[in-house]
Amino acid sequence: MIDRALNIISMRLAIMKVEKFYDKVYDWMLQYGPGFVAGIVVLFVGLWLIRVFVRWTQGRMTKKEVNPSVRPFLMSMLGVALRILLVLGVMQIIGVKMTLFAALVGAFGVAAGLALSGTLQNFASGVLILLLKPFVVGDNITTNGFEGAVMAIQVFYTTIKTFDNRDVIVPNGQLSNQVIVNSSREGNRRLDINLKFTNNIDYKQVKAIINDAIDKCENILSTPDRRIGVGELQPDGYLVAVNVWVNAHGFQDTKMAVQESILQDLKDKGVKIPGM
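Overview of the structure.

About the thresholds
- Residues numbered from 1 in each chain as written.
- Predicted model: local features only at pLDDT ≥ 70, side-chain atom pairs only at ≥ 80, totals over all residues.
- Heavy atoms only, no water.
- Helix = DSSP H or I, 4+ residues; strand = E, 2+ residues; numbered from the N terminus.
- Contact = heavy atoms within 4.5 Å.
- Phe/Tyr/Trp six-rings, centres within 6.5 Å; stacked < 30°, edge-to-face > 60°.
- Lys NZ or Arg CZ within 6 Å of the ring centre and 35° of its normal.
- Pairing = 2+ DSSP bridges.
- Salt bridge = Lys/Arg side-chain N within 4 Å of Asp/Glu carboxyl O.
- Buried < 20%, exposed > 50% of the residue type's maximum accessible area, 1.4 Å probe, protein only.
- Axes fitted to C-alpha atoms, helices over the stretch in contact; angles between N-to-C directions.
- Core = buried A, V, L, I, M, F, W, Y, C linked by side-chain atoms within 4.5 Å.

Position of Val-168 among the secondary structure elements: in strand β4 (residues 167–171). Residue contacts for Val-168: discarding those within four places in its chain leaves Phe-146, Thr-158, Thr-159, Ile-160 and Thr-162.

Tracing the sequence through the fold places Asn-243 in strand β8 (residues 237–247). With residues near it in sequence (within four places) discarded, Asn-243 still touches Arg-190, Leu-191, Asp-192, Arg-226 and Arg-227.

Geometrically, a pair of aromatic rings is defined through the distance of the ring centres and the angle of the planes. Summed over all chains, the structure comprises four aromatic pairs. Aromatic rings pair up to connect Phe-197, Tyr-203 and Tyr-238 into one cluster. Over the ring of Phe-251 we find Arg-189, and its NZ or CZ is 3.8 Å from the ring centre.

Right, let's get into the pairing of strand β3 (residues 157–162). On any regular strand, side chains alternate: one points to one face of the sheet, the next to the other face. Pairing analysis gives five bridges linking strand β2 (residues 146–153) to β3, with the strands arranged antiparallel. Bridge pairing in β3 links Ile-153 to Thr-158. Adjacent in sequence and paired antiparallel, β2 and β3 are bridged by three residues. As paired strands, β3 and β4 are joined by five bridges and run antiparallel to one another. Paired with Thr-158 across the bridge in β4 is Val-170.

It is worth spelling out the pattern of salt bridges at this point. Under the definition given, this model contains six salt bridges. For Asp-164, the salt bridge goes to Arg-166, with nearest N and O atoms at 3.1 Å. Accessibility expressed as a relative area gives 44% for Arg-166, which makes it partly exposed. For Arg-226, the salt bridge identified is with Asp-215, shortest N-O distance 2.9 Å. A residue pair is termed long-range when its members are at least 10 positions apart, and Arg-226 in the loop between α6 (203–215) and β7 (227–234) and Asp-215 in helix α6 qualify at 11 residues. On the basis of relative accessible area, Arg-226 is assigned to the partly exposed category, the value being 30%. Of the residues examined, Asp-215 reaches a relative accessible area of 51% and is grouped as exposed.

Turning to the sheet that holds strand β6 (residues 188–197), a few remarks are in order. Spatially, the three strands line up as an open sheet ordered β6-β8-β7, and their pairing is antiparallel. The open sheet has two free edges, formed respectively by β6 and β7, since each of these has just one partner strand. With strand direction ignored, the average angle separating the axes of adjacent strands in the sheet is 25 degrees. For β6 and β8, the ladder comprises 10 bridges, and the chain directions are antiparallel. Across the sheet, residue Phe-197 finds its bridge partner in β8, namely Tyr-238. Packed on one face of the sheet, α6 meets β6, β7 and β8 and runs near 20 degrees to β8.

Moving on, we get to the nonpolar core. Soluble globular proteins: nonpolar side chains tend toward being buried together. Of all hydrophobic cores here, the largest spans 24 residues; its most connected members are Phe-197, Ile-210 and Ile-262. Elements supplying a minimum of two residues to this core: β6, α6, β8 and α7 (251–268). Other than its neighbours up to four places away in sequence, Ile-210 contacts Leu-195, Ile-228, Val-240, Val-242 and Ile-262.

Strand direction decides the pairing type here: β7 and β8, joined by seven bridges, are antiparallel. The partner of Glu-232 across the bridge, within β8, is Leu-239. The antiparallel pairing of β7 with β8 creates a hairpin that spans two residues between the two strands.

Read these as spatial facts, not as claims about activity.
Printed below as a string of structure tokens:
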């Protein structure tokens with residue numbers, strides 16, 4: 001009899017525990033169930049909207065001719081940022097407390113920012129260069145004491161090949177904080193040459209010889225007009241300033257050819273340049 005009574009008591013205790021468990025589950029469902037269901041719905045709908053928005057943004061970038069090198073990075077960053085915001089929003093809807101999570105994310109963000117400050121600066125500068133296009137591949141630029149042609153623009157660095165065939169790797173962070181001279185963006189450049197003559201040499205004769213010498217040269221642009229005139233008067237002579245317009249690409253070759261032609265014609269006509 002005693003054993004039977006103990007079994008009955010044990011069964012009743014077990015039933016009471018089960019009933020309490022179901023009561024807790026029922027209370028939890030009443031309290032958190034609607035938020036949990038709403039969070040799941042928002043999660044799936046949000047993921048679908050993010051995919052649609054990312055595709056639309058990618059299409060707009062293609063129409064706006066955004067540099068193909070930066071498109072994948074921007075799309076990836078946009079997608080990740082939107083998904084993180086969506087997850088945080090779903091956690092708020094479900095009722096998860098975000099205090100500790102926010103503190104951990106903030107601490108991690110500060111640590112990562114300090115560790116990657118230089119890399120992030122180069123990345124941000126690279127994105128701006130690719131979007132704003134102060135120079136493009138093929139342009140001749142001067143920066144950080146180097147002059148050459150831009151061979152590649154990466155997200156973190158830019159490669160410049162100097163005219164003496166050296167590859168210069170410049171971090172994009174430096175390019176965003178330095179003065180950049182783009183010599184080929186306009187398509188043409190003005191070639192300036194100054195020549196000194198003594199007062200006993202007739203200026204009109206000099207001007208005619210220089211004009212004829214320039215006419216013999218290739219790659220001289222007809223517009224804007226060339227200018228040849230007295231640039232400066234000095235006690236022992238005068239300076240003749242020569243301004244002609246040439247193509248930006250091949251500027252150095254054209255400069256040497258023009259100077260060689262002028263020098264040779266002056267010598268052939270018997271006109272001496274002081275010191276030569």
